[in-house]
Amino acid sequence: MSSDAMAKDFIALCAPEIRGNEWNYVKDCLDSGWVSSVGGYVDRFEDEMAAYVGTKYGVSTVNGTSALHVALLVAGVGPEDEVLMPTMTFIAPANAVRYARAWPVFVDVEPDYWQMDINCLDHFLHNKCDWGNGVLRNRTSGRRVKAILPVHILGHPVDMDPLVALAAEFDLAVIEDATESLGATYKGRCTGSLGHIACFSFNGNKIITTGGGGMITTDNASWAKRAKHLTTQAKSDPLEYQHDEIGYNYRLTNIQAAMGCAQMENLPAYVKAKRELAERYSAALSGVPGLFPMRAAAWADPTFWMFTMRVKPDQYGCNSRQLIALLAEEKIQTRPLWEPVHLSVAHRSESAGSCPVAERFWNEAVSLPCSVGLSRADQGRVIDRICKIALRKEA
Ligand SMILES: *Cc1c(COP(=O)(O)O)cnc(C)c1O
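Residues numbered from 1 in each chain as written. Predicted model: local features only at pLDDT ≥ 70, side-chain atom pairs only at ≥ 80, totals over all residues. Heavy atoms only, no water.

Q: Teacher, can you tell me more about the site of the ligand here?
A: Inspection of the region around the ligand gives 16 residues, with Thr-65, Asp-177, Glu-180, Ser-201 and Lys-206 positioned closest. Between the ligand and Gly-64 there is a distance of 2.8 Å, counted from an oxygen atom to a backbone nitrogen or oxygen. At 3.2 Å, a side-chain N or O of Thr-179 approaches a nitrogen atom of the ligand. Across the complex, the protein chains shield 92% of the 380 Å² of accessible surface that the ligand would expose by itself. Mapped by element, the contributors of at least two residues to the shell around the ligand are helix H4 (64-74) and helix H5 (92-99). Per-element accounting of the shell around the ligand gives the leading share, three residues, to H4. Of the residues contributing to the shell around the ligand, the split by class is five nonpolar, eight polar and three charged. (Near = heavy atom within 4 Å. Polar contact = N/O pair within 3.5 Å; in protein donor to acceptor, adjacent residues only side chain to side chain. Areas by Shrake-Rupley, 256 points an atom, 1.4 Å probe, with all protein chains shown as cover. Helix = DSSP H or I, 4+ residues; strand = E, 2+ residues; numbered from the N terminus. Nonpolar A, V, L, I, M, F, W, Y, C, P; charged D, E, K, R; others polar.)

Quick look at the structure:
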């Protein structure tokens, strides 16, 4: 961070919150010498995450992207397969699909909650694919469609029941990218327990952090076992160092897991804080002409991990990027959402159609400061600035 960014009146977009047993548990690792890739905190963190999410197993990884890579492999995604995923997401899941030597197929998002559009998915599966002998093929590419990878963006769940029903109809694996949604529930069940396997991230801006880290959650015993195997170089004999396939060194360290255990203790409080921030933003900004803050669907109890709104420039008086620049002048850090992946130079050749909703949303979206530790006074300053900018156009 620049010295300017460290200044006292700077309001960060989403800073980590470290206020519990982090120091104690990390010190315990240093004092005991259990600093590396095995140790009591690794086991404990895996068990606690699985228990919280409501799955039988948790397998920790070095970050969320590697969790996605391994989850795809254990779910049976292989070379030249296709994986359906939303275009409106951070790029990590699309990259993970390519690491598995498969291809992402990008699906648009719905306009209300900005999540993967189940109607688009349904249309693609029923009208653009052929089903026979237990295999689904994309008619255009000729490739096998193997899995659906929903991403619960911004801490809001995807409408999973119809998605899981479609997956069952065509024998597809469901791999949830739950990296942004730890703590969110769908019809009372936690994201990360709604498909066949799921992934979490503990990057610095996520709701809990281990500096960097990830987790796979699943009820499938053999998948969990294989995930552990693949993340530890596929070592089949610990004494003789024999390896039965190409594995990876994707392990989380005991130091990181120690931090994770401490963060887990505060997760319910963090979720509560995020929801309160969201309530205050919604109350203050919903009435401002041209601003459309994110909302909860009837099926969802979101965390509002990254509180985001749409800006309609004709009504509000300036567009999303101008607003971001004006707030930056006030030392308020905000940001647009990710470029839709089907437009990204890294992936655009893999795109099938256009995704107009995602493209419009990309133009309009602004994420607002939403650190767990954001004070009421600082949030008030953000709201105040946004409301004042709206009034300028009448001046
Ligand atoms: C954060 C994130 C990931 C994983 O990120 P890592 O930095 O590898 O932990 C994956 N998908 C989405 C949608 C994310 O936001």
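Picking up after the structure, the text goes on.
Q: How do you make sense of the sheet that holds strand E2 (residues 82-86) when you look at a structure like this?
A: Strand pairing in a sheet is mediated by backbone hydrogen bonds. Such pairs are either parallel or antiparallel. Strands sit in the order E1-E11-E10-E7-E6-E2-E3 across an open sheet of seven strands; the sheet is mixed. In the strand order of this sheet, the two ends are held by strand E1 (57-61) and strand E3 (103-107), each with one partner. In this sheet, adjacent strand axes meet at a mean angle of 25° when their direction is disregarded. Across five bridges, the pairing between E1 and strand E11 (residues 214-218) is antiparallel. (Pairing = 2+ DSSP bridges. Axes fitted to C-alpha atoms, helices over the stretch in contact; angles between N-to-C directions.)

Q: How should I be thinking about unusual backbone geometry in this particular structure?
A: Leave glycine aside and you will find that most residues have negative phi; peptide bonds, for their part, are mostly trans. Of note, Glu-80 is a non-glycine position whose phi angle comes to about 70°, a positive value. When you line up the elements, Glu-80 lands in the loop between H4 and E2. We note that Asn-133 has phi near 55°; this positive angle belongs to a residue other than glycine. With respect to the helices, strands and loops of the structure, Asn-133 is situated in the loop between strand E4 (129-132) and strand E5 (135-138). Looking at Asn-133, the relative accessible area reads 84%, which means it is exposed. (Buried < 20%, exposed > 50% of the residue type's maximum accessible area, 1.4 Å probe, protein only.)

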